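Report on the structure
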Amino acid sequence: NTIIQKGISNLSKSETDISMKFKNNILKNHFTTKKKKLPFSFIWTLYRIFPILSWAPQYRWRNYLKDDIIAGITVGVMLIAQGMAYAKLAGLSPEYGLYSSGLPLFIYPLFGTSRHLGVGPVALVSLLVSQVTLSTNNAGHEYSLSEKTSFALLIAFCVGIVQIFMAFLQIGFIINFISHPVIAGFTTAAAFVIILSQLQHILGYSVQKSHYPFLTLFSYISNLHKFKWQPFLFSLINISFMQMIKKINNKFKLEIPGPIFCVFMSIIFTQIFKLNRFGISIQNKIPKGFPRIRGPIFNEFSKVAPTVLTISFINFIETVAIASKIGEKHGYKIVPDQELLGSGMTNLLGSFVCAFPIAGSFSRTAVLSQAGAKTQVAGITTGIVIILTYLFLTPLFTYLPNVSLASIILISVINLIDYKEAFHLLEIRFLDFLAFTISLLSTFMIGVEWGMVIAISVSLVIVLWFSVKPPMCVLGRIRGTVVYKDINWYSTCIKTPGGVLIRMDAPLFFVNASVLRKKIRQKEEEYVKLNPVPIFYIILDCRGMSDIDSTGLQVLSELAEKHNKQGIFFGFANVNERVRKIMNAGGIDKWVEIERFFTRIHDGVESAIKWKFLHIASYLT
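The sections below set out a description of the structure shown in this document.

What follows deals with the packing of helix H8 (residues 123-133) against helix H14 (residues 301-330). Axis separation between H8 and H14 bottoms out at 10 Å; the angle between their running directions is 175 degrees. Relative to H14, the element H8 is oriented roughly antiparallel. Residues Leu124, Val125, Leu128, Val129 and Val132 of H8 touch H14, and the partners they reach there are Lys303, Val304, Thr307, Thr310, Ile311, Ile314 and Glu318.

Right, dumping it as structure tokens:
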């Protein structure tokens, strides 16, 4: 621009005019071209798919690096024990918990939008994987360890594909259709199912597993005579030790990793006193080194398909809920569809390095936040800690007791049992409590997969119920004012003689349009029975009517036509701009004059009374 100006100053006036036009055209074309090309450019797409490109170049190494490393190491030490425990929960060898917590943690930061989300193995997803790995084949026999591993990696691969597909379709909004009470009921039941899966290590005996959790519980109760006190006592010691560390952390504001201390203390005591001779099973040798790269084996895909869909949704719900909550705390927003892509790519690529399905963890995310993490560099640091562990430290876990891992799982999932939420919902709204209860009982009685299906179905039924049964009420005027309220809530309201005032607090569309017609007819009949003054006006308060479709518009037109023929004043109050525009486009002015749209209900009532007087006067003359 400066160069152009200098050149222009040496030209004649005519040349200056031409040059100015030339300059303006250059600048105009430059900015127009920039605006048009930018949204479709390769760079823009790259930044959208890889959010790390937007924050990594601006990373404040001096301010952030120390906090991120400390937080990452803290969670890494915590994840060593949790990862191995959740691998056992998923029916796999402990090393797969480490594989799932190492290299995949380098993948999420490339695609995810959360700065504090701690990804890795989680209890609920591990439980869902176990529904396949711990099942039996057609001959009624359990699968071998290699078959279980193949199933788990195939599930991770397919979950990644499904979530990436969901991300590109941008259907992250689907999470809005699953209510909080339903999710709370499902996770509470899942916590009980997880506890059931670990009882064999704590009680010292195993039973025949059933797809129906309540039958598994019955089997444990009926076989109590096999109970062994040694592993039970050892589990109580483990749990008490971790609880003690938790209280110390809370009291002195520390971040001592209780699970890893529990693991190493258990290993030391087991090795010194040879506790494996007293009914306490151990891990034996855990392989050392990088996991070998392997692709999915598509054997019995139909067996894993229902679990893949369930994990895809549960993974997404957990990850987005945790990421949103921690994002609000730190003052930034996450992108749900991008989180789907991040989770999908992490599971897809992770499956090639022996990682079973992973998701966002509430406990590890909370620790990252409390420990001062600033970015996903903390997550990468956690991955480095885990990689160093399975490269050099796995021989230390040879004498790790299974009961210690079971104790860690119990401590982790106990927070999922949200009994306070049940009482809270009962106090607020019985329908939400009912949704919580149905979700909980269905999951515990018939299994996690079908429990999830029923839980989602309950959410959709609730949505449909409120759509089909929209809130509607009759209005009356508060004495001494021009304010109109629901007569069921304000008993002192005055019912204006000669008319019916109805308010609908929902969009009017094909599902509930007939309900409005029926409600108006019902209130007309009630008015005729109870009042000596003939009805001469009906006003519909549209304050809560946020939208309307063609079916709703047709019903309103039919109502207006019907009441016009009966000599009844039919009007609208508080119609918003969107609904009014659709009404005009639909030709409702053919039946309702523009003067019968009011900004206040009281204006409509006064207009209806004046209309009636004019009608009587014209009749008398």
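A few words now on the layout of surface pockets. Regions of empty space are outlined by a rolling probe, equal in size to a water molecule, passed over the atoms. Here the largest pocket is characterised by a volume of approximately 1800 Å³. Split into classes, the residues belonging to the lining of the largest pocket amount to 25 nonpolar, 16 polar and seven charged. Taken as a whole, the second largest pocket encloses approximately 1000 Å³ of empty space. Lining the second largest pocket we find 41 residues, and of these Ser130, Gln131, Leu134, Ser135 and Lys209 sit closest to its centre. Only helix H5 (61-89), H8, helix H9 (145-169), helix H10 (180-203), helix H11 (213-222), H14 and helix H21 (448-468) provide two or more residues apiece to the lining of the second largest pocket. Among the elements that take part in the lining of the second largest pocket, H10 stands out by supplying six residues, more than any other. When grouped by side-chain class, the residues that make up the lining of the second largest pocket number 15 nonpolar, 20 polar and six charged.

Its identity is not glycine, yet Lys253 carries a phi of approximately 55 degrees, on the positive side. Within the secondary structure layout, Lys253 lies in the loop between helix H12 (229-252) and helix H13 (258-273). Assessed through its relative accessible area of 73%, Lys253 is described here as exposed. With a phi angle near 60 degrees, Asn574 is a residue other than glycine that sits in the positive phi range. Structurally, the position occupied by Asn574 is in the loop between strand S7 (569-573) and helix H24 (577-585).

With mixed pairing, six strands are arranged side by side in an open sheet as S4-S3-S5-S6-S7-S8. Every interior strand has two partners, whereas the edge strands, strand S4 (484-486) and strand S8 (597-598), have only one. Against the sheet, helix H23 (residues 550-565) makes contact with strand S6 (537-541) and S7, and its axis sits at roughly 145 degrees relative to S7, the strand it touches most. Strand contacts of helix H25 (residues 601-620): strand S3 (472-477), S4, strand S5 (499-504), S6, S7 and S8, with the helix running at about 165 degrees to S6, the strand carrying the most contacts.

Where like charges cluster on the molecular surface, the positive patch consists of Lys469, Lys518, Arg521 and Lys562. One can find Lys562 in helix H23.

Now for the environment of Asn299. Relative to the helices and strands, Asn299 resides in the loop between H13 and H14. Judged by relative accessible area, which is 28%, Asn299 ranks as partly exposed. The contacts of Asn299, once residues within four sequence positions are left out, are Phe151 and Leu154.

Cut-offs applied
Residue numbers run consecutively from 1 along every chain, following the written order of its sequence. Side-chain atom pairs in this predicted model are given and counted only at pLDDT of 80 or more, local residue features only at pLDDT of at least 70, and totals for whole chains, interfaces and linings cover all residues. In computing side-chain values, all of the structure's heavy atoms are included and hydrogens and water are not. Where helices are involved, their axes are fitted lines through C-alpha atoms of the stretch in contact, as for all axes, and angles between N-to-C directions lie from 0 to 180°. Secondary structure elements follow DSSP: runs of H or I of four or more residues count as helices, runs of E of two or more count as strands, with numbering from the N terminus. Reported orientations rely on four angle classes, namely roughly parallel under 35 degrees, roughly antiparallel over 145, roughly perpendicular from 65 to 115, and oblique for the rest. Contacts are assigned to residue pairs that have any heavy atoms within 4.5 Å of one another. In this analysis a 1.4 Å probe is tested at points of a 1 Å grid over the protein atoms alone, and where it fits but cannot get out there is a cavity; an open set with protein on both sides within 12 Å along at least five of seven lines is a pocket; lining residues have an atom within 4 Å of a point. Grid points are joined across faces, edges and corners, and a volume is the space filled by probe spheres set on the points. Asp, Glu, Lys and Arg are counted as charged, while Ala, Val, Leu, Ile, Met, Phe, Trp, Tyr, Cys and Pro are counted as nonpolar; the rest, among them Gly, fall into the polar class. For the exposure calls, accessible area comes from a 1.4 Å probe over protein chains only, and a residue counts as buried if that area is under 20% of its type's maximum, exposed if over 50%, partly exposed in between. Note on pairing: DSSP must find at least two bridges between two strands before they are called paired. Each patch is built from residues lacking any salt bridge and having more than 30% relative accessible area; the joining distance is 9 Å for like charges and 5 Å for nonpolar side chains (Val, Leu, Ile, Met, Phe, Trp, Tyr). Areas reported as accessible are Shrake-Rupley estimates using a 1.4 Å probe. Residue values count occlusion only from the protein chains shown. Salt bridges are defined by distance alone: a side-chain nitrogen of Lys or Arg within 4 Å of a carboxyl oxygen of Asp or Glu. The charged-residue count follows a simple rule in which Lys and Arg add positive charge and Asp and Glu add negative charge, with His and chain termini not counted at all. Charge positions come from single atoms, namely NZ of Lys, CZ of Arg, CG of Asp or CD of Glu.

Shape descriptors only; they carry no functional weight alone.
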